[in-house]
Amino acid sequence: MPDSNRCENWSAELIQMTVVALQLDVAWEDKATNFQRVHELLAPLAIPAGSLLVLPEMFSTGFSMNTAVTRQGNPPEAEQFLAELARSTRSAVLGGVIGTQEGQLRNEALALAPDGSLLTRYRKIHPFGLASEKEHYPGGEAVVTFDWAGFRIAPFICYDLRFPEVFRTATEQGATLFVVIAQWLSRRASHWQTLLQARAIENQAFAVGVNRCGNDPVNAYPGRSCVVDPWGVVTTDAGEFEGVLSANLDSAVVSRWRDEFPALRDRRWSCARLHGSAA
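Below, the structure is looked at part by part. (Residues numbered from 1 in each chain as written. Predicted model: local features only at pLDDT ≥ 70, side-chain atom pairs only at ≥ 80, totals over all residues. Heavy atoms only, no water.)

**A short note on the sheet that holds strand β2 (residues 52–54)**
Hydrogen bonds between backbone atoms are what pair the strands of a sheet, whose relative direction is either parallel or antiparallel. Condition: Two strands qualify as a pair provided DSSP detects at least 2 bridges between them. Here a helix means four or more residues in a row that DSSP labels H or I, a strand means two or more in a row labelled E, and each is numbered from the N terminus. Orientation is described by axes fitted as lines to C-alpha atoms, over the contacting stretch for helices, and by angles from 0 to 180 degrees between their N-to-C directions. In what follows, a contact means two residues having at least one pair of non-hydrogen atoms within 4.5 Å.
One open sheet holds the 6 strands; their spatial order is β5-β4-β3-β2-β1-β14, and the pairing between them is mixed. Among the strands making up the open sheet, the edge pair consists of β5 (118–123) and β14 (243–249). On average, each strand axis in the sheet is inclined to that of its neighbour by 30°, with strand direction left out of account. With 3 bridges joining them, β2 and strand β3 (residues 92–101) adopt parallel strand pairing. Bridging from a neighbouring strand, Leu-52 pairs with Ala-92 of β3. Most of the contacts of helix α4 (residues 77–89) go to β3, to which it runs at about 165°, and overall it touches β2, β3, β4 (104–112) and β5.

**Considerations on the layout of surface pockets**
Operational definition: Only protein atoms enter the calculation, which uses a 1 Å grid: trapped sets of points that fit a 1.4 Å probe without letting it out are cavities, open sets showing protein on both sides within 12 Å along at least five of seven lines are pockets, and any residue with an atom within 4 Å of a point is a lining residue. Grid points are joined across faces, edges and corners, and a volume is the space filled by probe spheres set on the points. Lys, Arg, Asp and Glu make up the charged group, whereas Ala, Val, Leu, Ile, Met, Phe, Trp, Tyr, Cys and Pro make up the nonpolar group; the residues left over, Gly among them, are polar.
Approximately 370 Å³ is the volume found for the largest pocket. What lines the largest pocket is a set of 21 residues, among which Phe-63, Phe-128, Ala-131, Leu-185 and Arg-188 lie closest to the centre. Among the residues making up the lining of the largest pocket, the classes are represented as 12 nonpolar, 2 polar and 7 charged.

**Structural notes on the side chain of Thr-70**
Its place among the elements puts Thr-70 in helix α3 (residues 67–70). The contacts of Thr-70, once residues within four sequence positions are left out, are Lys-31, Met-58, Thr-61, Ser-64, Ile-98 and Tyr-137.

**Considering the state of the cysteines**
As a reminder, the rule being used: Any cysteine sulfur atom paired with another within 2.5 Å is treated as part of a disulfide. Burial here depends on accessible area, computed with a 1.4 Å probe over protein chains only, as a share of the maximum for the residue type. Under 20% is buried, over 50% is exposed, and the range in between is partly exposed.
Under the criterion given, the structure shown has 0 disulfides. We note that Cys-158 lacks a disulfide partner, and the nearest cysteine sulfur, in Cys-226, lies 13 Å from it. When its relative accessible area of 8% is taken as the criterion, Cys-158 is described as buried. In this structure Cys-226 comes out as buried when scored by relative accessible area, which is 1%.

**Here's the deal with the environment of Phe-59**
Within the secondary structure, Phe-59 sits in the loop between β2 and α3. Looking at Phe-59, the relative accessible area reads 0%, which means it is buried. Excluding anything up to four places from it in sequence, Phe-59 contacts Leu-24, Val-26, Asn-34, Phe-35, Val-38, Ala-78, Phe-81, Leu-82, Gly-96 and Val-97.

**Details of the sheet that holds strand β6 (residues 146–148)**
Taken together, the 6 strands give an open sheet; going across it, the order is β6-β7-β8-β9-β12-β13, and neighbouring strands pair in mixed fashion. The open sheet has two edge strands, β6 and β13 (234–237), and neither has a second partner. Here the average twist between neighbouring strands, direction ignored, is 25°. One ladder, built from 5 bridges, connects strand β7 (residues 151–157) with strand β8 (residues 177–181); its direction is parallel. Paired with Pro-155 across the bridge in β8 is Val-179.

**Brief notes about the pairing of β13**
Here strand β12 (residues 226–228) runs beside β13; their pairing, made up of 3 bridges, is antiparallel. Pairing of Cys-226 across the sheet is with Asp-237, part of β13. Taking the residues that link successive antiparallel strands as the turn, the β12-β13 hairpin has 5 residues, and the phi of Gly-232 there is positive, at about 90°.

**Considerations on the pattern of salt bridges**
To be explicit about the condition: Note on definitions: salt bridges are taken to be side-chain nitrogens of Lys or Arg within 4 Å of carboxyl oxygens of Asp or Glu.
For the structure on display, the rule yields 15 salt bridges. Ionic pairing is found between Glu-133 and Lys-124, a salt bridge with its closest N-O pair at 2.9 Å. Relative accessible area serves as the criterion here: at 3%, Lys-124 is assigned to the buried category. Here the salt bridges share partners, and the residues they tie into one network are Glu-79, Glu-108, Arg-121 and Arg-123.

**Structural notes on empty space enclosed by the protein**
Enumeration over the complete set of coordinates arrives at 1 cavity of 30 Å³ or more. Each pocket or cavity is described by its volume, and for the largest cavity that value is around 50 Å³. In terms of lining residues, the largest cavity is bounded by Lys-31, Met-58, Ser-60, Thr-61, Thr-70, Gln-72, Ala-78, Gly-96, Val-97 and Ile-98. By residue number, the principal contributor to the lining of the largest cavity is β3, which donates 3 residues.

Below, the structure written as structure tokens:
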């Protein structure tokens, strides 16, 4: 289990949090090349300690159903890479890996503290049916959050973005920032930012979307990693090419807006009631 006191000590003095998003042109099924490319992109940067560093969904292989390649070894190389990245940058790191739960592979977002310890592990709730993802990586069951630098952060993965109920569930758990890691296709690029804006507006929260760019053997990817504020304004956009996006976020913006315009307090039904779990 994560040591919450240790994590709080890392972020207690922060007023703002720096988000650093890596928009990768992911090399197809080539972990070593992708690990090296992450190092190359980060090398010229001075990343403030206590930042949140985010990599796309399945960043080490691309969105592959070839489980012989995407499966991690023992020890798990992608998770070890993210842990070392957290330690070397003295930041929290969130990235997409293929993990294992009870013998089944899962598409996961892994969040690690600056000492490499676990902050949370989120399993993608909505596998992408058109790609037969659920046949290779069955869906998870739970929304999760973790606290970092004054934010309560809810990680989601790609196709989850089309299902507003899981974002509202996260908001009911106190989320003030959504981080969506993705391998979102170019042919639906307009949906990507529109849905991120919608999730931010309806939950009065920040939304950070981190997508890949470039091509795999079948699909093209538009990039367009971005930061959306609680009013739904895209404040930072990475464009379509490989690179790094950086933005400073202030958690007080969320609380002030929610107090000024208390739409969330005016809700009549919770997600629990809608799902029939409350009287």
